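# Observations on chain architecture
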Amino acid sequence: MPARPLSHEALRLIAAVQDALAERLGADVDVQERPLFGSHAFMVDGKLCLAVRDDELLVRLPPPEHAALAETPGLRPLAPQGGMAGYFWVSPAAYATRAQWRHWIDAALAYNPQARATPRRAKSSATGLPPSPSGRGPG
């Protein structure tokens, strides 16, 4: 199934994040963009930092502050049932002003150096079986 086209709101928000990252980080920092879980993710130094889905901005913030931040108007946890502490969707109302926008971008970038990178999962072989101990394929 082909990917669904991005909305105009998402395209504008992606461009705004690109501009903000270029302004704050310059060319020396490794920023990669890729689709991730239905969003357009921005990986800074190999770690998820920000993402865009429709008109919402995903920010990654310090997990110990999750409970306090969850009370902030315009924020909702990525996973309401738990398990993703520190990840929040920011609604347009919560980033509507220049000060609010800067706050969320700067907060995500400030946490990024302390954030742990999620290790990439090894791809399984075409058979779906783990490789043999000899390294010559299954079995």
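Let us look at the structure shown here.

## With respect to the pattern of salt bridges
- Counted according to the given criterion, the structure contains 4 salt bridges.
- Here Asp-106 ties to Arg-24 by a salt bridge, and the two come within 2.5 Å at their closest N and O atoms. Within this pair, whereas Asp-106 is found in helix H3 (residues 98–111), its partner Arg-24 is found in helix H1 (residues 8–25), the two being separated by 82 residues in sequence.
- Judged by its relative accessible area of 36%, Asp-106 is partly exposed.
- For Arg-24, a relative accessible area of 25% corresponds to the partly exposed category.
- Linking Glu-56 and Arg-53 is a salt bridge whose minimum nitrogen-to-oxygen distance equals 3.7 Å.
- For Arg-53, a relative accessible area of 24% puts it in the partly exposed group.
- Taken together, the shared-partner salt bridges in this structure form one network comprising Glu-23, Arg-24 and Asp-106.

## Remarks on unusual backbone geometry
- Not every positive phi belongs to a glycine, and Phe-37 is a case in point at roughly 50 degrees.
- Tracing the backbone shows Phe-37 in the loop between strand E1 (31–36) and strand E2 (39–44).
- Although it is not a glycine, Asp-45 adopts a positive phi angle of roughly 55 degrees.
- Turning to its location among the elements, Asp-45 is positioned in the loop between E2 and strand E3 (47–53).

## Some points on the nonpolar core
- Among the nonpolar cores identified, the biggest contains 25 residues, and Leu-50, Leu-57, Val-59 and Trp-104 are the most heavily contacted of them.
- Contributing elements (two or more residues each) for this core: H1, E2, E3, strand E4 (56–60), strand E6 (87–90) and H3.
- Here this core takes 6 residues from H1, the largest share from any one element.
- Not counting chain neighbours up to four residues away, the residues in contact with Leu-50 comprise Val-17, Leu-21, His-40, Ala-41, Phe-42, Leu-57, Leu-58, Val-59, Ile-105 and Ala-108.

## Digging into the packing of aromatic side chains
- In total, this model carries 1 aromatic pair according to the counting rule given.
- With centroids separated by 5.6 Å and ring planes inclined at 65 degrees, the aromatic side chains of Tyr-95 and Trp-101 adopt a geometry described as edge-to-face.
- On the basis of relative accessible area, Tyr-95 is assigned to the buried category, the value being 14%.
- Of the residues examined, Trp-101 reaches a relative accessible area of 15% and is grouped as buried.

Reading the values: the criteria
Residues numbered from 1 in each chain as written. Predicted model: local features only at pLDDT ≥ 70, side-chain atom pairs only at ≥ 80, totals over all residues. Heavy atoms only, no water. Salt bridge = Lys/Arg side-chain N within 4 Å of Asp/Glu carboxyl O. Helix = DSSP H or I, 4+ residues; strand = E, 2+ residues; numbered from the N terminus. Buried < 20%, exposed > 50% of the residue type's maximum accessible area, 1.4 Å probe, protein only. Core = buried A, V, L, I, M, F, W, Y, C linked by side-chain atoms within 4.5 Å. Contact = heavy atoms within 4.5 Å. Phe/Tyr/Trp six-rings, centres within 6.5 Å; stacked < 30°, edge-to-face > 60°.

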